[in-house]
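Now for the letters of each chain:
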Amino acid sequence: ASASARNPKPKPKAGAGAEAEALSPPQPSPPNAPGRLPRGRARTTMAALDAALPLGAAEAPAWDADGAVLAGAFAQLYVVACYTSLGLGCAVCAWAALAGLLGDSKARGLPLPALHSWLKRFALAVLMVHPNPAPRAAAGAKPRPSPNTKPKPNPTPNADNGNATPSLRLSPSGGGNGKKRRRRRRAEAQPLGPAVKVRHLAVIMDGNRRWGKREHGDGIRGHAAGGEALGRFIEACIAEGLEVLTVYAFSTENWNRSPAEVAALMNVLCEHAEEMRRGAVERGLRVRVCATQPQRLPSIVRQRLRRLEEDTRDGTNFTVNVCVSYGGRDEIALAARRIACKVEAGELRPEDVDEDLFAQHLTTAATPDPELLLRTSGEHRLSNFMLYQCAYSELVFIDKLWP
């Protein structure tokens, strides 16, 4: 009523056209009008409502499609329930009222866009009544911060009403049985940590041998396919904006396999080292080899890996760390021996040894710690890979063989 008093309109003409004009959405109120919804939030809500009802004015179906109209109306009301503290039961009641409005509009021959406009007006009215939607936390539930992230300040408040612009939650605040509702409330009470940009990704490329035996009856062919998959994976990491990729190519435990398989793996490593060198030089990538027991590698393999590092030393577009004959515990012991030798030689004092100094003596000293570690094949363990560097990494295990 107050909006009508502020913005009086001429009386519509008689007839069906007058009814359609009466149901058309009102003109927007001035920017400083009381109770006005923030512009950013209103645009987000309207976009969600339009997506919920994919029936535009130009594609309005005939009025005999009552089921499609009511389904779209319920979808819009569900979006309203997700945006606000309005329960799903209230949305159902409002939907029933809109079903009556549909019958009345159909009897008077009004177009479908008029009902769509009224749905939008209803949604904005509910959002103004509920300006601060928030999930209802369970009694006694306390937010639990992420162990590897620092708390960040609250988002910048909206200039219109001092509230941060909310995001769409795809779960209504009500509905479901009591046990599911309590479980959902407990989950909503535990906020997710702030999003972390992944700069360094570590990957345990597991499952090559099993894939080769399953697909070709030969595990060695799986290792060759795994090398080809690594090239595609590097391209995907560059496209995603990553800066560093560390892959577990050959562990110190792999030396315990049969001599025939180890020899075949060394041949595959030589072939793909040369292919990686040519591709890295063309793309401006840098490749570093991380080995804790390099003396166990055949001389031809060491030569290929040394040439790979030297020819890509000046690459700046992306960095690939290839862990060959590598073990995480061996790396920690090797770093401790290097520091002990410097202390014995008088180059360092024992009190100078801290986490940063220790990290400088690891094989990955020139790169930051990985934010994310990924392992394929469905195994849920680190297998002696980057034990020191992955202390605060997110661990992701997928049930899929590497190639």
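Quick caveat, the model's predicted, so the values are computed rather than measured.

Calculation notes
- Residues numbered from 1 in each chain as written.
- Predicted model: local features only at pLDDT ≥ 70, side-chain atom pairs only at ≥ 80, totals over all residues.
- Heavy atoms only, no water.
- Helix = DSSP H or I, 4+ residues; strand = E, 2+ residues; numbered from the N terminus.
- Buried < 20%, exposed > 50% of the residue type's maximum accessible area, 1.4 Å probe, protein only.
- Contact = heavy atoms within 4.5 Å.
- Areas by Shrake-Rupley, 256 points an atom, 1.4 Å probe, with all protein chains shown as cover.
- Axes fitted to C-alpha atoms, helices over the stretch in contact; angles between N-to-C directions.
- Left-handed = near helix turned anticlockwise from the far one by under 90°.
- Nonpolar A, V, L, I, M, F, W, Y, C, P; charged D, E, K, R; others polar.
- Parallel < 35°, antiparallel > 145°, perpendicular 65-115°, else oblique.
- Disulfide = S-S within 2.5 Å.
- Pairing = 2+ DSSP bridges.
- pLDDT = per-residue confidence, 0-100.
- Phe/Tyr/Trp six-rings, centres within 6.5 Å; stacked < 30°, edge-to-face > 60°.

Participant: I would appreciate a short explanation of the overall build of the chain in the present structure.
Facilitator: The number of helices and strands found in the chain is 13 helices and 6 strands. Within the chain, the fraction of its 403 residues that count as buried is 35%. Sequence separation of at least 24 residues holds for 76% of the intrachain contacts in the chain that already meet a minimum separation of 6. As presented, the chain carries roughly 23300 Å² of accessible surface, and 55% of it is formed by carbon and sulfur atoms.

Participant: Looking at this structure, how should I read the packing of helix α8 (residues 208–216) against helix α9 (residues 219–239)?
Facilitator: Helix packing geometry: the angle between the two helix axes and the distance between the axes. Where α8 meets α9, the axes come as close as 6 Å, and the angle between the chain directions of the two elements is 120°. Once α8 is placed against α9, the crossing between them reads as right-handed. Where α8 abuts α9, its residues Asn 208, Arg 209, Trp 211, Gly 212, Lys 213 and His 216 lie against Gly 219, Arg 221, Gly 222, His 223, Ala 225 and Gly 226. A per-class count over the contact of α8 with α9 returns 2 nonpolar, 7 polar and 3 charged.

Participant: Where do I start with the packing of α9 against helix α10 (residues 259–283) in this structure?
Facilitator: Across the interface, α9 lies against α10 with an axial gap of 9 Å and an inter-helix angle of 25°. Put simply, α9 runs roughly parallel to α10. In this structure, α9 crosses over α10, and the sense of that crossing is right-handed. Along the contact surface, α9 presents Ile 220, His 223, Ala 224, Gly 227, Glu 228, Leu 230, Ile 234, Glu 235 and Ile 238, while α10 presents Glu 261, Ala 264, Leu 265, Val 268, His 272, Met 276 and Arg 283. For the contact of α9 with α10, the residue count by class is 9 nonpolar, 3 polar and 4 charged.

Participant: What am I meant to see in the state of the cysteines here?
Facilitator: Tallied over the entire structure, the rule returns 0 disulfides. The closest cysteine sulfur to the non-disulfide-bonded Cys 323 is located on Cys 290, 4.6 Å from its own sulfur. Among the residues examined, Cys 323 registers a relative accessible area of 0% and is labelled buried.

Participant: Which parts of the structure should I look at to understand the sheet that holds strand β6 (residues 394–397)?
Facilitator: The strands that make up a sheet are held in pairs by hydrogen bonds between backbone atoms, and each pair lies either parallel or antiparallel. With parallel pairing, 6 strands are arranged side by side in an open sheet as β3-β4-β2-β1-β5-β6. A strand with exactly one partner marks an edge of an open sheet, and here the two such strands are β3 (285–290) and β6. Between one strand and the next, the sheet's axes are offset by a mean angle of 20°, whatever the strand orientation.

Participant: Even after reading the chapter, I still don't get the pairing of strand β1 (residues 200–204), so can you show me in this structure?
Facilitator: Every regular strand shows the same layout, with side chains that alternate between the two sheet faces. Buried residues dominate β1, accounting for 5 of its 5 residues. The side-chain alternation of β1 yields two buried faces, one formed by His 200, Ala 202 and Ile 204 and the other by Leu 201 and Val 203. Looking at chain direction, β1 and strand β2 (residues 244–251) are connected through 5 bridges and run parallel. Residue pairing across strands places Ile 204 opposite Tyr 248, the latter belonging to β2. As defined by bridge partners, β1 adjoins strand β5 (residues 372–375) across 4 bridges and the pair is classed as parallel. From the neighbouring strand, Val 203 faces β5, where its bridge partner is Leu 374.

Participant: Mind showing me how you'd approach the confidence of the model for the chain here?
Facilitator: When pLDDT is averaged along the chain, the result is 74, and 52% of the positions lie at 70 or above. Here residues 11–38 is modelled with pLDDT under 50, and outside its nearest four sequence neighbours on either side it reaches 37 contacts, counting other chains as well. Across residues 53–64 the pLDDT falls below 50, and counting only partners more than four positions away or on other chains, this stretch makes 18 contacts in the model.

Participant: Can you walk me through the packing of aromatic side chains in this structure?
Facilitator: Two aromatic rings are characterised by how far apart their centres lie and by the angle between their planes. Following the criterion strictly, the structure yields 6 aromatic pairs and no others. Here Tyr 248 and Tyr 326 contribute two aromatic rings whose centre-to-centre distance is 5.9 Å and whose plane-to-plane angle is 85°, an arrangement assigned as edge-to-face. In this pair, Tyr 248 sits in strand β2 while Tyr 326 sits in strand β4 (residues 318–326), placing the two residues 78 residues apart along the sequence. The buried category is assigned to Tyr 326, whose relative accessible area is 0%. Here Tyr 326 and Phe 385 contribute two aromatic rings whose centre-to-centre distance is 6.0 Å and whose plane-to-plane angle is 75°, an arrangement assigned as edge-to-face. One end of the pair, Tyr 326, is in strand β4; the other, Phe 385, is in the loop between β5 and β6, and 59 residues separate them in sequence. Judged by its relative accessible area of 0%, Phe 385 is buried. The structure contains a cluster of three or more aromatic residues connected by ring pairs, namely Tyr 248, Tyr 326 and Phe 385.

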